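Results of the structural survey
Listed below are the residues making up each chain.
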Amino acid sequence: MRAPAPAYAAHLNDATIDAARGALGASLQHAVAEVGEVKLYVDRESIVPALTALRDTPGLEYQQLMEMAGVDYPDRAERFEVVYCLLSLTRNHRLHVHVSTDDVKPVPSLTGIWPVAGWLEREIYDLYGVLFSGNADLRRILTDYGFRGHPLRKDFPMTGFVEMRYSEEEKRVVYQPVQLSQDFRNFDFQSPWEGAAYVLPGDEKGMLPEAKGAPTPLKADQIQKADAATAPVATPKAGSEPYAKTATTDAGQTGAGEPHGGNKAESKPGESDVVPTKGEGQNQ
């Protein structure tokens, strides 16, 4: 029988911080539990032994490096933070370890502990410019060859500095300074749910008053409710209208008991439409 998965150890956050303080010692600068997660701020030069202790210490046992992320704080002296997201499989608990640095001081690489850190460190270097000492293949991984700058820095323009296109004259891809196709644009800054001040084609339909219920282009006084009294509708005329009764007030009058029974001689047409065949009948 397979053992059940361990419950998430969020209620053990305080015990996790105490165990981390004992395992990391002076390399742990600050520890806090926020929104159900534990954050550990560790000295940059001690990041490798600190994460090794978090992996191997009984009661902590964070075996997997799930993700690495970079954060940019331009107002700080050390503007960048590298965040390590760890997972303990035995305790079903996650942990974040933060390290601060700048664009000059390198962070020791974790490729000797978790080889997967090689690609994650390349992403942070490519997008933020953070250096990692000990990474044997610290190259750009997401941007193009010859790209200058680091796109996720907050002082990097969203449009970039250069753009590339295929040149028919040179028969190759060329780089050129970014040229915005619209130098001036008018923005109304109005919510589309409230409606803009100008009128677009088709907006005139929405200017008519509407009754309660489904939208309709009719005005409120022209809408007829479903339960309103309706005028009597004339019955469509039948094909035998010239011979139909016009003075009958009772639908039950069929002519029964009358001398002629509704078949008076003067009511019959002058010429019959049916010419009977001798000895045969009209239906042959």
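Data block above holds the structure.
Just so it is clear, the structure is predicted and the values come from calculations on it, not from any experiment. (Residues numbered from 1 in each chain as written. Predicted model: local features only at pLDDT ≥ 70, side-chain atom pairs only at ≥ 80, totals over all residues. Heavy atoms only, no water.)

**What to know about the pairing of strand E8 (residues 162-167)**
Condition: A strand pair is defined by DSSP finding two or more bridges across the two strands. What counts as a helix is a DSSP run of H or I of at least four residues, what counts as a strand is a run of E of at least two, and both are numbered from the N terminus.
Strand direction decides the pairing type here: E8 and strand E9 (residues 172-177), joined by six bridges, are antiparallel. Its bridge partner being in E9, Ser 167 is matched across the sheet by Arg 172. Here E8 hands over to E9 after four residues, with Lys 171 in that stretch at a positive phi of 55°.

**Considering unusual backbone geometry**
Phi is mostly negative for residues that are not glycine, and the peptide bonds are mostly trans. Inclusion rule: Only protein chains enter the accessibility calculation, which uses a 1.4 Å probe; a residue is then buried when its area is under 20% of its type maximum, exposed when over 50%, and partly exposed in between.
Phi is positive for Glu 61, which is not a glycine, with a value near 55°. Of note, Glu 61 is situated in the loop between helix H2 (47-56) and strand E3 (64-72). Residue classification places Glu 61 among the partly exposed positions, given a relative accessible area of 27%. In the Ramachandran plot, Asn 92 falls in the positive-phi region, its phi being about 55° despite a non-glycine side chain. Structurally, Asn 92 is set in the loop between strand E4 (80-88) and strand E5 (93-101). Of the residues examined, Asn 92 reaches a relative accessible area of 31% and is grouped as partly exposed.

**Let's talk about the environment of Phe 161**
Cut-off, in case you're wondering: By the convention used here, residues are in contact when the closest approach between their heavy atoms is within 4.5 Å.
For Phe 161, the location among the structural elements is in the loop between strand E7 (132-133) and E8. Judged by its relative accessible area of 54%, Phe 161 is exposed. Separated by 15 residues in sequence, Phe 161 and Gln 176 place their C-alpha atoms 8.6 Å apart. Not counting residues up to four positions away in its chain, the partners in contact with Phe 161 are Phe 156, Pro 177 and Val 178.

**Points about the pattern of salt bridges**
Side chains that differ in charge, positive against negative, can pair when their charged atoms come close. To keep things clear, this is the line we draw: Any Lys or Arg side-chain nitrogen found within 4 Å of a carboxyl oxygen on Asp or Glu counts as a salt bridge.
Overall, the coordinates contain 14 salt bridges when judged by the stated rule. One salt bridge connects Arg 76 with Glu 81, and the closest N-O pair in it is separated by 2.9 Å. Judged by relative accessible area, which is 40%, Arg 76 ranks as partly exposed. With relative accessibility at 7%, the residue Glu 81 sits in the buried group. Salt bridges linked by common partners bring Arg 44, Glu 45, Glu 78 and Lys 105 together as one network.

**A look at a nonpolar patch on the surface**
Defined as follows: In this analysis, a patch consists of residues with relative accessible area above 30% that form no salt bridge, clustered at 9 Å for like charges and at 5 Å for the nonpolar side chains Val, Leu, Ile, Met, Phe, Trp and Tyr. Each accessible area is a Shrake-Rupley estimate made with a 1.4 Å probe; only the visible protein chains count as cover when residues are assessed.
Taken together, the side chains of Phe 161, Val 162, Met 164, Tyr 166, Val 173 and Tyr 175 present a nonpolar region at the surface, about 650 Å² in accessible area. Tallying contributions element by element places E8 first for the nonpolar patch, with three residues. According to the relative accessible area criterion, Met 164 is exposed, its value standing at 52%.

**Re the sheet that holds E4**
Strand pairing within a sheet occurs via backbone hydrogen bonds; the two strands may be parallel or antiparallel. Here is the rule we go by: Axis lines are fitted to C-alpha atoms, over the contacting stretch for helices. Their N-to-C directions set the angle, which ranges from 0 to 180 degrees.
On the basis of which strands lie adjacent, the open sheet formed by five strands has the order E1-E2-E5-E4-E3 and mixed pairing. Among the strands making up the open sheet, the edge pair consists of strand E1 (28-34) and E3. Taken over all neighbouring pairs, the strand axes of this sheet differ in orientation by 20° on average, direction set aside. Pairing between E3 and E4: eight bridges, direction antiparallel. When the sheet's bridge partners are listed, Gln 64 is paired in E4 with Leu 87. The strands touched by H2 within the sheet are strand E2 (37-42), E4 and E5, with E5 carrying the most contacts at an inclination of about 175°. Contacts from helix H3 (residues 117-128) reach E3 and E4 within the one sheet, and its direction differs from that of E3 by about 10°.

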